[in-house]
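One letter stands for each residue in the lines below.
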Amino acid sequence: MADNIDEIIGKYSNAGRSDLLDALQEIQEFNGYLSEDAVVKLSKQFNLATTKIYGIASFYDQFRFVQYGKFHIKVCNGTACHLSDSKPVIKELEKLLRIKHGQTTRDAMFSLEEVPCLGSCGLSPVMSINNEYYAAVKTADIKDILESLKKSDS
Amino acid sequence: MENNLQFLKEKVLLNQTAAFSKEIEEKLKILRHEKIIKPIIYVGASSCGLVAGAARTISAINDYLCEKQILADIIEVGCIGLCAEEPIVDIQLPGMSRISFKRMFSEDVANILDGVFNNTIASDNVLGQYRQKNLQAWDNVNYIDEVEFFAVQRRIVLEYNGFINPTSIENYIAYGGYRAFVKTIYHYTSNDVCKIVEKSELRGRGGSGFPAGKKWKIAHDTASDQRYLVCNANESDPGAFIDKSIIESNPHKLIEGMAIAAYAIGAGKAYIYIRNENTLAISRFKQAVEDAKAFGLLGENIFDSGFNLEIIIKKGPGAFVCGEETAMLSSIEGKRGMPRFRPPYPAERGLFGKPTIINNVETLCNIPYIMLNGPIWFGQIGTKSSKGSKVFTLSGKIKNNGIVEVEMGTNFEEIINKIGGGIKNGKHFKAMQLGGPSGCCITKENLSLKVDYEEIANYGAIMGSGGIVVMDQETCMVDITKYYIDFIQKESCGKCIPCREGTQRMLEILEKITKIPKDEASHQTLERFKGVMQLEKIAEVIKDTSLCGLGKTASNTFLSTLKWFRDEYEEHIFDRKCRAGVCKELRTFYIDVDKCTGCNACMRKCPETAIIGTVKYPHFIVESKCTGCGICFETCKFSAIFVK
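Conventions we followed
- Residues numbered from 1 in each chain as written.
- Chains lettered and ligands numbered in written order.
- Predicted model: local features only at pLDDT ≥ 70, side-chain atom pairs only at ≥ 80, totals over all residues.
- Heavy atoms only, no water.
- Pairing = 2+ DSSP bridges.
- Helix = DSSP H or I, 4+ residues; strand = E, 2+ residues; numbered from the N terminus.
- Axes fitted to C-alpha atoms, helices over the stretch in contact; angles between N-to-C directions.
- Contact = heavy atoms within 4.5 Å.
- Domains from an automatic or database assignment.
- Phe/Tyr/Trp six-rings, centres within 6.5 Å; stacked < 30°, edge-to-face > 60°.
- Buried < 20%, exposed > 50% of the residue type's maximum accessible area, 1.4 Å probe, protein only.
- Lys NZ or Arg CZ within 6 Å of the ring centre and 35° of its normal.
- Polar contact = N/O pair within 3.5 Å; in protein donor to acceptor, adjacent residues only side chain to side chain.
- Salt bridge = Lys/Arg side-chain N within 4 Å of Asp/Glu carboxyl O.
- Nonpolar A, V, L, I, M, F, W, Y, C, P; charged D, E, K, R; others polar.
- Core = buried A, V, L, I, M, F, W, Y, C linked by side-chain atoms within 4.5 Å.
- Expected span 1.5 Å × (residues − 1).
- Buried area = accessible area lost by both parts, 1.4 Å probe.

## Remarks on the sheet that holds strand S12 (residues 429–434) of chain B
All names here are of chain B. Here we have 5 strands laid out as an open sheet, ordered S11-S10-S14-S12-S13, and mixed in their pairing. Looking at the sheet topology across the chains shown, the edges are occupied by strand S11 (402–407) and strand S13 (440–443). Strand-to-strand twist in this sheet, taken as the mean axis angle between neighbours without regard to direction, amounts to 30°. Bridge analysis of S12 against S13 gives 4 bridges, and the strand direction is antiparallel.

Laid out in structure tokens, this is it:
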């Protein structure tokens, strides 16, 4: 795995500051998150302090510093979903998984993320698990959905 | 394939005559899929369609075709705009006009296709048929342009969305695409283009409504060895998906608009800053750029005109503030996306210190039409001060969720009631939010307001990017304000104190008034009232003292809801009641004595021990202890607990 990060970073050997975000995105796409190791390597490549890179990365919503779970749950909290009660859905997930949004469970099975808009306001509230969409989610169904995911994994 | 491309280049694009010869017209018909030998099935597969289940519909269609041994093509198209009725599938049989079906889920596929292939369309799923010359129309099927959703619209930017194949450059050119660009680079100087756009009075659709031509002229006249064009597609306000939908449905139109704009200002490099989450839009745009490059419409020395253009895609890593132009430039430069002081305006000194023009997706998509039909044609559409059309997204408690385009001057009542089909589930209209978190609410009494920059500004609102969120009586205005302030508070970049701290304080105060204080005796009550008294002042200060558009408009929602729904705020503060029943912590629960069986379940679950009673006898909730968490309400199997 480490080799590949080097490979990605190697591609940016002639790059300037304006390519930093692209490099960060590419690493995150590959790894799922930005590891300490990657940030250190990037800082050498771009000749920028690690704090600076961390400062830039943490400014943006996209970048994460912890690994996603096996099942990554995104719950839409756009206006339309908010109006159709997306908050209780998030609350229920937080209660069942015992994590807050933005976190990953300790067994690395689930991670939860609140996203601005999944672009399907007609079917709100919407959530997606590993890019499979669940439309018009009810709080009562969530337990079953999580159970079936656990089962499908074991 | 190779043959087609050459034909399109030589006979269509380079042939700037008004009418084509019959032979060319015939060939174009094939490329437009008007003359076909086997049926074509078009499936709406943009984000909204895919969420609704378009992928399952496609595989069901494939299964059906295999089983019945029918040879047909399946083409994935974009979004026609009626997101609430997805998956939308169009079917075209040879010689017949294209017919459109709504809500075609995988289980409906066999039924509907049976009907079409046996010429007996008796389905509730029919949306309508297209009006197409030289093709035979279906009997007893209404035309799609007669459907009220489409009838009131004036589609310019969205013209072929959901109709043409977004991944086929041939299809786009066959429908008249890239003609404007070729005409521009052959027949006009960059100065001419600026003048034409200025004359058309096209105003930027991103929010502020600054005349596009004027801005271009400034960049054009600033001496520099390099200039840049940036397309702003960082649409991140919740409830707006215009840019995403346009790019997913017709990416070539945007490329054409960008190319003309870049030519006008003399830019050799154009950036598109698009939100990273819009993966489908990014991949379709990327593909379109590659196709255009292969065709020679992008790159070095385009069509031997001497004009070079490179389009670079920058994926925005998710920050609302990057929609502000100077913040976007910082982000492209690889820095934190924080706004800068203006002036100097980006048109004079922008990206990497060079003159830069930043335009919104919708603005740029208008350009090809202006170049093709002339500024006078464009000037005839719309009102005196606002020309052309405007795209809106409709979401919230409205029947026809989706993306629509109307002529400037249409009033909002028509948009909500005619195009939008009114409110869902027989509820009543309460208000609509125009322009997302930075926008304002428009009440029922003001729905006669027209879509016009000046008129909207006089009312005290902004056009914004064009997201309309509709609310009914079950929406609490305090809660929705809290939601928007929470959003802005999270998205504030932190540069200016009024915006960074002020929005946080506003959120805290709003949170306090949507909650019953646990203890009236402590300083909480005093703080609460102090907060309420200062809320309006904080809002004004944020508005007056922030640097960028995000901060300046941060308190708009609050100020406008306070203006129109002051009684609701007062009700929350003094009576501790939320008439919509949304603010959960203001609810008071009661037990219906007749329904309560005394099962004891609620009593055991109550975290505040606010429920008292003996087994088998009706229980009672102690109001002063209840925090309104609602656990008892969810627990009760006899629905004996109710909210008042």
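## What to know about the sheet that holds strand S9 (residues 356–360) of chain B
Residues and elements named next belong to chain B. Spatially, S8-S7-S6-S9 is the arrangement adopted by the 4 strands of the open sheet, whose pairing is parallel. The sheet is open, and its two edges are formed by strand S8 (310–316) and S9, each paired on a single side. Each neighbouring strand pair of the sheet contributes to a mean axis angle of 20°, computed without reference to strand direction. Where helix H11 (residues 242–249) meets the sheet, it contacts strand S6 (228–233), strand S7 (269–275) and S9, and its direction lies at approximately 110° from that of S6.

## Some words on the domain arrangement of chain A
For chain A, the domain assignment lists domain 1 (2–59) and domain 2 (71–153). On a C-alpha basis, the centroid separation for the pair domain 1 of chain A and domain 2 of chain A is 30 Å.

## Concerning the packing of aromatic side chains
For any two aromatic rings, the description comes down to two numbers: the centre-to-centre distance and the angle of the planes. Residues and elements named next belong to chain B. Applying the stated criterion across every chain yields a total of 26 aromatic pairs over all chains. On the numbers, 6.0 Å between centres and 55° between planes, the contact of Tyr228 with Tyr271 is tilted. Residue Tyr228 is located in strand S6, and its partner Tyr271 is located in strand S7; the two are separated by 43 residues in the primary sequence. The burial state of Tyr228 is the same as that of Tyr271; both residues are buried. Measuring from centroid to centroid gives 5.9 Å for Phe392 and Phe412, while their planes differ by 70°, and the two rings are edge-to-face. Taken as a pair, Phe392 in strand S10 (residues 389–396) and Phe412 in helix H17 (residues 412–419) lie far apart in primary sequence, 20 residues in all. One exposure class covers both Phe392 and Phe412, and it is buried. Members of the aromatic cluster, joined through ring pairs, are Tyr130, Tyr160, Phe163 and Tyr175. The ring of Tyr130 is capped by Arg98, whose NZ or CZ atom sits 5.5 Å from the centre of that ring. Sitting above the plane of the Tyr143 ring, Arg131 keeps its charged end 4.0 Å from the centroid.

## Some thoughts on the environment of B:Thr326
All names here are of chain B. Considering the arrangement of structural elements, one finds Thr326 in helix H14 (residues 325–332). Put simply, Thr326 and Gly350 are 24 residues apart on the chain and 7.6 Å apart in space, counted from C-alpha to C-alpha. If we ignore the near neighbours within four places in the chain, the residues touching Thr326 are Met338, Pro339, Arg340, Arg342 and Pro346. At a separation of 3.0 Å, a polar atom in the side chain of Thr326 contacts the main-chain amide nitrogen of Arg340.

## Some details on the domain arrangement of chain B
All names here are of chain B. Considered domain by domain, chain B is made up of domain 1 (1–27), domain 2 (32–151), domain 3 (177–380), domain 4 (389–475), domain 5 (486–575) and domain 6 (587–643). Each of domain 3 and domain 5 was reduced to a C-alpha centroid, and the two centroids are 37 Å apart. For the pair domain 3 and domain 5, the number of links is 0 salt bridges. Its residues placed into classes, the side of domain 3 that touches domain 5 shows 7 nonpolar, 2 polar and 3 charged.

## Focus on the nonpolar core
The biggest cluster of nonpolar side chains holds 115 residues, and the ones touching the most others in it are B:Trp216 and B:Phe412. For this core, the element with the most residues is helix H12 (residues 251–265) of chain B, which contributes 10 residues. Among all residues touching B:Trp216, those that are not within four sequence positions of it are B:Val193, B:Cys194, B:Val197, B:Ala261, B:Ala264, B:Ile265, B:Ile357, B:Asn359 and B:Ile367. Core analysis: the next-biggest nonpolar cluster, separate from the first, contains 63 residues, A:Ala57, B:Leu329, B:Val478 and B:Ile542 among them.

## A look at H12(B)
All names here are of chain B. Between the first and last C-alpha of H12 there are 22 Å, a value that for 15 residues agrees with the 21 Å anticipated at 1.5 Å per step. Most of H12 sits inside the fold, with 15 of its 15 residues counted as buried. Of the residues trailing H12, Gly266 is marked for its positive phi of about 80°.

## Notes on the interface of chain B and chain A
In this assembly, 45 residues from chain B lie in contact with 32 residues from chain A. Of the roughly 3,100 Å² buried between chain B and chain A on both sides combined, carbon and sulfur atoms contribute 57%. In terms of surface lost to chain A, no three residues of chain B exceed B:Val51, B:Pro317 and B:Tyr483, which account for 21% of the buried area on that side. Our enumeration of links across chain B and chain A arrives at 3 salt bridges. The partner of A:Glu29 in a salt bridge is B:Lys315, with the nearest N and O atoms 3.5 Å apart. Scanning the region where chain B abuts chain A turns up 15 residue pairs in polar contact (both at pLDDT 80 or more). Elements supplying a minimum of two residues to the side of chain B that touches chain A: helix H3 (47–52), S7, S8, H14, S10, strand S14 (467–472) and helix H19 (477–491) of chain B. Here the side of chain B that touches chain A gets 6 residues from one element, more than from any other, and that element is H19(B).

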